[in-house]
Amino acid sequence: MLIPIIGWMISGLIIGLIARALVPGRQAIGLLRTMLLGIVGSFVGGFAGYLIMGGEPLQASGWIGSIVGAVVLLVLFSRGDRETA
C-alpha cells in the first residue's frame, strides 16, 4: 500500500516540475505544492479526457494529460495571484 503512494508522490513531483518549467514566470510554490500540483493536474487531465472521450469522471490521466492539467491549474492559480496583488 505504501509503494503506490510513493509512486504518486514521485510522479506528481515530476509532473509538477515539468508544468512549472512550461509556464513562464516565477511561481512561488515549494516542493510539496509542486507535488500536489502534479497529482491534482493528473485528475484534471483525466476529467478533461472524460469530457472528450467518456469513461469515468474521476480518473487519473497519462503523462501528457497530467502535464496539460497541471499547466492549466498553474495558469489559473498564477492569474489569481496577479489579480489579488
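Residues numbered from 1 in each chain as written. Predicted model: local features only at pLDDT ≥ 70, side-chain atom pairs only at ≥ 80, totals over all residues. Heavy atoms only, no water.

Student: A description of the overall build of the protein chain should follow, citing residues and the corresponding values.
Tutor: On a plain count of helices and strands, the protein chain comes out with three helices and zero strands. A globule of 85 residues ought to have a C-alpha radius of gyration of about 12 Å, and the protein chain, at 13 Å, matches this closely. Taken over the C-alpha atoms alone, the protein chain extends approximately 40 × 30 × 20 Å along its principal axes. Per-residue burial over the protein chain gives 27% buried out of 85 residues. (Helix = DSSP H or I, 4+ residues; strand = E, 2+ residues; numbered from the N terminus. Rg over C-alpha atoms; globule rule 2.2 N^0.38 Å. Buried < 20%, exposed > 50% of the residue type's maximum accessible area, 1.4 Å probe, protein only.)

Student: Can you explain the confidence of the model for the protein chain? Please cite residues and give values.
Tutor: Per-residue confidence for the protein chain gives a mean pLDDT of 88; residues scoring 70 or more make up 93%. At the level of individual helices and strands, the protein chain shows its lowest average pLDDT in helix α3 (residues 63–84), which scores 84, and its highest in helix α1 (residues 2–22), which scores 94. (pLDDT = per-residue confidence, 0-100.)

Student: Any chance you could break down helix α2 (residues 31–53) for me, citing the residues and the numbers?
Tutor: For α2, built from 23 residues, the straight-helix expectation of 33 Å at 1.5 Å per residue is met to within 8% by its first-to-last C-alpha distance of 32 Å. Within the span of α2, buried status applies to T34, M35, L37, G38, I39, G41, S42, G45 and G46. Just downstream of α2, G54 is the residue with a positive phi angle, here 90 degrees. (Expected span 1.5 Å × (residues − 1).)

Student: Any chance you could break down the packing of aromatic side chains for me, citing the residues and the numbers?
Tutor: By the definition in use, this model includes two aromatic pairs. Relative to F43, the ring of W8 has its centre 5.5 Å away and its plane inclined at 0 degrees; by these criteria the two rings are stacked. Here F43 lies in helix α2 and W8 lies in helix α1, a separation of 35 residues in the sequence. Its relative accessible area of 32% is what places F43 among the partly exposed residues. With centroids separated by 5.8 Å and ring planes inclined at 35 degrees, the aromatic side chains of F47 and Y50 adopt a geometry described as tilted. Taken as a pair, F47 and Y50 lie in helix α2 at a separation of three residues, close to a single helical turn. (Phe/Tyr/Trp six-rings, centres within 6.5 Å; stacked < 30°, edge-to-face > 60°.)

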